[in-house]
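Per-entry structural report
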Amino acid sequence: MPEEVLFKFERRMDRTEIADYLRTVADSLESGDDLTLESSGESVTLAPPSRPTFEIKAEREISSSGGPDELGVEFELEWDEGEDGTDGDLHIG
């Protein structure tokens, strides 16, 4: 399915700054508020349903130029417009 990017932000920052952003997202989700993302004059507001699909992916991108590999973890919320998510269990330690 084709993808339309509604908002994108990428910047190197301290782990504590990242934790603050994640905490803000968590607080919005817990209270049922919309998520508004803003940066450099761009913004988008999304209204996650009560049960979106939550995906966590840990990945290694192998360098094709012989440089060091890049490790990453992605946290993603997905939902179909008008639908709630599915059941499942997750444990993070």
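Note that the structure is predicted; figures quoted are calculated from it, not measured. Residue positions within a chain follow its written sequence, with the count starting from 1. Where totals are concerned, whole chains, interfaces and linings use all residues; where local detail is concerned, this predicted model gives features only for residues with pLDDT of at least 70, and gives and counts side-chain atom pairs only at 80 or more. Think of the side-chain values as coming from all heavy atoms in the structure, minus any hydrogens and water.

Only DSSP runs of H or I reaching four residues or more are called helices, and only runs of E reaching two or more are called strands; each is numbered from the N terminus. A count of helices and strands for the protein gives 1 helix and 4 strands. Using a 1.4 Å probe, the Shrake-Rupley method yields the accessible areas, and only the shown protein chains count as cover for residues. By element, 47% of the accessible surface of the protein is carried by carbon and sulfur atoms, the whole surface being about 8,600 Å².

Now for the pairing of strand β2 (residues 42-46). On a regular strand, each side chain points to the face opposite its neighbour's, so the side chains alternate between the two faces of the sheet. Examined bridge by bridge, strand β1 (residues 35-39) and β2 share 5 bridges and lie antiparallel to one another. In the sheet register, L37 faces β2, and the bridge partner there is V44. By the convention used here, strands pair only if DSSP detects at least 2 bridges between them. Remark: 2 residues form the turn of the hairpin made by β1 and β2, two consecutive strands paired antiparallel; S40 in that turn has positive phi of roughly 50 degrees.

Of note, S40 is a non-glycine position whose phi angle comes to about 50 degrees, a positive value. Along the chain, S40 turns up in the loop between β1 and β2. Buried residues are those whose accessible area, probed at 1.4 Å on protein chains only, stays under 20% of the maximum for their type, while exposed residues exceed 50% and partly exposed ones sit between those limits. Residue class for S40 comes out exposed when judged on its relative accessible area of 75%.

Oppositely charged side chains may form a pair once their charged atoms are brought near each other. Every case where a carboxyl oxygen of Asp or Glu lies within 4 Å of a side-chain nitrogen of Lys or Arg is listed as a salt bridge. A full pass over the atoms with the stated rule returns 4 salt bridges. Salt-bridge contacts for E17 lead to R11; the nearest nitrogen and oxygen are separated by 3.9 Å. Since its relative accessible area comes to 46%, R11 is described here as partly exposed. Two residues, E74 and K57, come together in a salt bridge whose shortest N-O distance is 3.9 Å. Note that E74 is positioned in strand β4 (residues 70-78) and K57 in strand β3 (residues 53-61), a separation of 17 residues in sequence.

What follows covers a negative patch on the surface. A cluster of acidic side chains, namely E3, E76, E78, D80 and E81, defines a negative patch on the protein surface. Inspection of the secondary structure assignment puts E81 in the segment after β4. Residues qualify for a patch when their relative accessible area is over 30% and they have no salt bridge, like charges being joined within 9 Å and the nonpolar side chains of Val, Leu, Ile, Met, Phe, Trp and Tyr within 5 Å. When charges are counted, Lys and Arg are positive and Asp and Glu negative, with His and the chain ends excluded. Charge positions come from single atoms, namely NZ of Lys, CZ of Arg, CG of Asp or CD of Glu.

The residue S28 is located in helix α1 (residues 15-31) in this model. Judged by relative accessible area, S28 falls into the buried class, the value being 15%. Apart from the residues within four sequence positions on either side, S28 is in contact with D33, D34 and L35. Every residue pair with non-hydrogen atoms within 4.5 Å of one another is taken to be in contact.

Moving on: the environment of E61. As for its position among the elements, E61 is in strand β3. Along the backbone, E61 and L71 are 10 residues apart, and their C-alpha atoms lie at a distance of 6.4 Å.

Attention shifts here to the environment of F54. As for its placement among the helices and strands, F54 is situated in strand β3. In this structure, the C-alpha to C-alpha distance between F54 and F75, residues 21 residues apart in sequence, is 7.4 Å.

Nonpolar side chains collect at one region of the surface, where F54, I56, V73 and F75 lie side by side and expose about 370 Å² of accessible area between them. Mapped onto the secondary structure, V73 falls in strand β4.

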